[in-house]
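# Coordinate inspection notes
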Amino acid sequence: MKALEATGIHTYYGESHVLQGVDLGVEEGAVTSLLGRNGVGKTTLIRTIVGFTRARSGTVMFGSTAIQRMASHRIARLGIGLVPQGRRIFRSLTVEEQLLLPASWRAKGEWDLDRVYQLFPRLKERRQHLGSQLSGGEQSMLAVGRALMTNPRLLVMDEPSEGLAPVIIQELERTFKSLIKTGLTILLVEQNFGLAMALADTVYVMSKGQIVYTGTAQDLSESHELRHQYLGI
Ligand SMILES: Nc1ncnc2c1ncn2[C@@H]1O[C@H](COP(=O)(O)OP(=O)(O)OP(=O)(O)O)[C@@H](O)[C@H]1O
Ligand SMILES: [Mg+2]
């Protein structure tokens, strides 16, 4: 069953036709990864899904609800949690304050401060530190923890490993694996091929605003031609 299904998405910035007929489905309880070089439209697709940018045409179904015309705060409340590219951490709030920000409206569910601290012991140690005092890896953990605090049915992460050292990415990978074991549905945009391959069940590759490959992570890692053509690796 599909948790999310985007069909025929066309999104523009002014006259610039960025997404040119994108179809993407996210299977319930699985990890779907979206790959592609810089500037191909990955974030634009995420922004279209979460309601920050309107598609000019196409539909986005979240379960049985059409969300392509819905305001972003309503989409968040329906159960799509976002880890935005660049993380968007508040520099002058503490870790704990930021985790508690969605408290007024978050859905009922298993995620609370204790569980987030269990998943990320580092955040517990740093609970009274300000956003500005965190390392890149800690900021990434905070962005994920903050999204989990809303008890999402779908967690969308846009390049959570961006700018992190390999050893920190390995740590994130272990954490994500334990998160996946809880059965959470995940849509992961990644430039780190190894991380995407380690986590994803299904992989989409985007090039110039279109999906050019859909398949298993294994098939993509074995296809040198596809990887070379669309990912430059
Ligand atoms: N707010 C905006 N206004 C106008 N053009 C934009 C805007 N945001 C992105 N673009 C352009 O749209 C295209 C797709 O950008 P997008 O951010 O979706 O790519 P991306 O695949 O996420 O890239 P990256 O891997 O660097 O994050 C790019 O050409 C970009 O310059
Ligand atoms: Mg992006």
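In this report, we go over the structure that sits alongside the text. (Residues numbered from 1 in each chain as written. Chains lettered and ligands numbered in written order. Predicted model: local features only at pLDDT ≥ 70, side-chain atom pairs only at ≥ 80, totals over all residues. Heavy atoms only, no water.)

It is worth spelling out the overall build of the chain at this point. Assigned secondary structure in the chain consists of ten helices and ten strands. Over its C-alpha atoms the chain spans a radius of gyration of 17 Å, differing by no more than 12% from the 17 Å that the globule rule assigns to 233 residues. Expressed along its principal axes, the backbone C-alpha trace of the chain runs to roughly 45 × 40 × 35 Å. Out of the 233 residues belonging to the chain, those deemed buried represent 49%. (Helix = DSSP H or I, 4+ residues; strand = E, 2+ residues; numbered from the N terminus. Rg over C-alpha atoms; globule rule 2.2 N^0.38 Å. Buried < 20%, exposed > 50% of the residue type's maximum accessible area, 1.4 Å probe, protein only.)

Near ligand 1, the surroundings consist of 13 residues, among which Gly39, Lys42, Thr43, Thr44 and Gln191 are the closest. A distance of 3.2 Å is found between an oxygen atom of ligand 1 and a side-chain nitrogen or oxygen belonging to asparagine 38. The backbone of valine 40 places a nitrogen or oxygen atom 3.2 Å from an oxygen atom of ligand 1. Calculation on ligand 1 without its partners gives an accessible area of 640 Å², and the protein chains cover 57% of this total. For the shell around ligand 1, the leading source of residues is helix H1 (residues 42-50), giving three residues. Taken together, the residues of the shell around ligand 1 sort by class into three nonpolar, seven polar and three charged. (Near = heavy atom within 4 Å. Polar contact = N/O pair within 3.5 Å; in protein donor to acceptor, adjacent residues only side chain to side chain. Areas by Shrake-Rupley, 256 points an atom, 1.4 Å probe, with all protein chains shown as cover. Nonpolar A, V, L, I, M, F, W, Y, C, P; charged D, E, K, R; others polar.)

Moving on: the coordination of the magnesium ion (ligand 2). Taken together, the protein donors to the magnesium ion (ligand 2) comprise Thr43 (OG1) and Gln85 (OE1), at separations of 2.0 to 2.2 Å. In this pair, threonine 43 is assigned in helix H1 and glutamine 85 in the loop between strand S6 (80-83) and helix H3 (95-99), connecting sequence segments 42 residues apart. (Donors = N, O, S within 2.8 Å, 3.2 Å for Na, K, Ca; no water.)

What follows concerns the pattern of salt bridges. What the rule picks out here adds up to seven salt bridges. The partner of lysine 2 in a salt bridge is glutamate 27, and the shortest N-O contact between them spans 3.1 Å. In this pair, lysine 2 is assigned in strand S1 (residues 2-13) and glutamate 27 in strand S2 (residues 16-27), connecting sequence segments 25 residues apart. One salt-bridge network, in which partners are shared between bridges, spans Arg122, Arg126, Glu138 and Glu171. (Salt bridge = Lys/Arg side-chain N within 4 Å of Asp/Glu carboxyl O.)

The biggest cluster of nonpolar side chains holds 44 residues, and the ones touching the most others in it are Leu35, Leu148, Leu155, Leu179 and Leu220. Examining the composition of this core, we find that six residues originate from one element, helix H6 (residues 136-148), more than from any other. Discounting residues that sit within four places of it in the chain, leucine 179 has contacts with Trp111, Leu119, Val144, Leu148, Leu155 and Leu184. Formed by 27 residues, the second largest nonpolar core is a distinct cluster that contains Leu4, Ala6, Val60 and Met206. (Core = buried A, V, L, I, M, F, W, Y, C linked by side-chain atoms within 4.5 Å. Contact = heavy atoms within 4.5 Å.)

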